[in-house]
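Listed below, chain by chain, are the residues.
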Amino acid sequence: MTDFIQLALYPHNLFLYALLLAAIFYRKKGLWLLWLVFYLLGNSFVTNQVRQWQLQQLPSPATLQTDATWVLLGCGGSEQSLPACARNRLDHLLERTAANSFPVVITTRHCAPYIHYLQQHDFSGAIDCFDGGSNTYQEFYQLAARFQQQPLQFVSSDHHGWRVQRLITLHQLNGQFSAATTSTYRQLPCRWHCWLTVNLSNYDFYAKLSGEWFSYASYRLSRRWHNWRMNADTKKASEE
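Residues numbered from 1 in each chain as written. Predicted model: local features only at pLDDT ≥ 70, side-chain atom pairs only at ≥ 80, totals over all residues. Heavy atoms only, no water.

K.L.:
What should I look at first to understand the packing of aromatic side chains in this one?
P.N.:
Ring pairs (aromatic) are described by centroid distance and by the angle formed between their planes. Across all of its chains, the model carries 15 aromatic pairs by this definition. Ring geometry for Phe 205 versus Tyr 206: centroids 5.2 Å apart, planes at 65°, classification edge-to-face. Judged by relative accessible area, which is 17%, Tyr 206 ranks as buried. Taken together, Tyr 137, Trp 162, Tyr 216, Tyr 219 and Trp 228 form an aromatic cluster joined through their ring pairs. The cationic tip of Arg 51 hangs over the ring face of Phe 205; the distance from NZ or CZ to the ring centre is 4.9 Å. Over the ring of Phe 130 we find Arg 146; its NZ or CZ atom is 3.7 Å from the centre of that ring. (Phe/Tyr/Trp six-rings, centres within 6.5 Å; stacked < 30°, edge-to-face > 60°. Buried < 20%, exposed > 50% of the residue type's maximum accessible area, 1.4 Å probe, protein only. Lys NZ or Arg CZ within 6 Å of the ring centre and 35° of its normal.)

Next up, the structure:
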């Protein structure tokens, strides 16, 4: 009971209960709708089902093509540091290629930390690294120009999987997607009190999902009049 009292006193749960009381008192359909949306998006049981469904859309291939090139999509960083998301993707790549020496292509501006990390872990495959651009769409234009028919195995964070798989299809690449696990799809503990409370991490989950959807939608809508390719000036500026 004390666990529930502590959860109930969190600001987002106080807002949930206040909104419920307002909907009961004023009997307005808009308030009921607002309460229902706020509750369903924040409810851990409901969101865990969405997490599970999303994971089922990201099958990791059980067998690897022996002639495939692994493509690790960049995750930022600098010449001196390697961000956590990049390290997570590299660890996933090392785990999946442990028994074989697959060639690897990395699309990032600062290659040194990525290459150094692989060499530290005795990676024996060939490594090619180049600046793919400032976003995933520029990366795919360059990859499509270089590897149109070659078998590819893409590695990115799991919450980018939906968008990456559609870009693979859109550019007609012979590629598969392998998801590096992050905390985004981690199941939250859901006991009896999860039906009576909401959790802020669930809103973060939906924010990431909607960010992926709207990013891809804006790309598809604007690709006919906006140049998403990495032009010569942009590439020169990134190299300086």
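K.L.:
Explain the nonpolar core here, please?
P.N.:
If you look at soluble globular proteins, the nonpolar side chains tend to sit buried side by side. Among the nonpolar cores identified, the biggest contains 26 residues, and Phe 140, Leu 143 and Phe 154 are the most heavily contacted of them. Put simply, the parts of the chain that give this core at least two residues each are strand S1 (69-73), helix H7 (136-146), strand S4 (152-157), helix H8 (161-170), strand S5 (175-180) and helix H9 (200-222). Setting aside anything within four residues of it in sequence, one finds Phe 140 in contact with Leu 73, Phe 154, Val 164, Leu 167, Ile 168, His 171 and Leu 173. Counting residues in each nonpolar core, the second largest holds 18 residues, with Trp 70, Leu 72, Cys 75 and Leu 94 among its members. (Core = buried A, V, L, I, M, F, W, Y, C linked by side-chain atoms within 4.5 Å. Helix = DSSP H or I, 4+ residues; strand = E, 2+ residues; numbered from the N terminus. Contact = heavy atoms within 4.5 Å.)

K.L.:
Help me understand the sheet that holds strand S2 (residues 104-107) in this model?
P.N.:
As a general point, the strands of a sheet are linked pairwise by backbone hydrogen bonds and lie either parallel or antiparallel. Reading across from one edge, S3-S2-S1-S4-S5 is the order of the five strands in this open sheet, with parallel pairing throughout. Among the strands making up the open sheet, the edge pair consists of strand S3 (127-130) and S5. Pairwise comparison of adjacent strand axes, ignoring direction, gives a mean angle of 20° for this sheet. Pairing geometry for S4 and S5, over six bridges, is parallel. Each residue of the ladder has a partner; that of Gln 153, found in S5, is Gln 176. Set on the sheet, H7 makes contact with S1, S2, S3 and S4; between it and S1 the angle comes to about 160°. (Pairing = 2+ DSSP bridges. Axes fitted to C-alpha atoms, helices over the stretch in contact; angles between N-to-C directions.)

K.L.:
I keep staring at the state of the cysteines and nothing clicks. Help me out?
P.N.:
In a disulfide, the sulfur atoms of two cysteines are covalently bonded to one another. Throughout the structure, instances matching the rule amount to three disulfides. The disulfide that involves Cys 75 links it to Cys 85, with 1.7 Å between the sulfurs. Here the disulfide of Cys 75 and Cys 85 is left-handed, its torsion about the S-S bond being about -115°. Here Cys 75, found in the loop between S1 and helix H5 (84-96), pairs with Cys 85, found in helix H5; they are 10 residues apart in sequence, far enough to count as distant. Exposure remark for Cys 85: the relative accessible area of 29% places this residue in the partly exposed category. By sequence order of its bonded cysteines, the chain has the disulfide arrangement 1-2, 3-4, 5-6. (Disulfide = S-S within 2.5 Å.)

K.L.:
How do you make sense of helix H6 (residues 112-120) when you look at a structure like this?
P.N.:
One full turn of an α-helix is made of 3.6 residues, so residues set three or four places apart face in the same direction. Those residues of H6 lying buried are Pro 113, Tyr 114, Tyr 117 and Leu 118. Looking down the long axis of H6, one finds its buried residues gathered within 135° of arc, a one-sided arrangement. (Arc of directions from axis to C-beta.)

K.L.:
How should I be thinking about a nonpolar patch on the surface in this particular structure?
P.N.:
A grouping of Phe 45, Trp 192, Trp 195 and Leu 196 is seen on the molecular surface, where their side chains present a nonpolar patch of about 430 Å² in accessible area. Considering the arrangement of structural elements, one finds Phe 45 in helix H4 (residues 44-56). Judged by its relative accessible area of 35%, Phe 45 is partly exposed. (Patch = residues over 30% accessible without salt bridge, like charges linked within 9 Å, V, L, I, M, F, W, Y side chains within 5 Å. Areas by Shrake-Rupley, 256 points an atom, 1.4 Å probe, with all protein chains shown as cover. Salt bridge = Lys/Arg side-chain N within 4 Å of Asp/Glu carboxyl O.)

K.L.:
Whenever I open this one, H7 confuses me. Can you help?
P.N.:
Judged by how many residues are buried, H7 sits mostly within the fold: nine of 11 residues are covered. For H7, every residue scored as buried is listed here: Thr 136, Tyr 137, Gln 138, Glu 139, Phe 140, Tyr 141, Gln 142, Leu 143 and Ala 144. Buried residues along H7 sit in contact with S1, S2, S3, S4, H8 and H9. Taking the backbone nitrogen of Tyr 137 as reference, a side-chain oxygen 3.1 Å away marks Asn 135 as the first, capping residue of H7. (Polar contact = N/O pair within 3.5 Å; in protein donor to acceptor, adjacent residues only side chain to side chain.)

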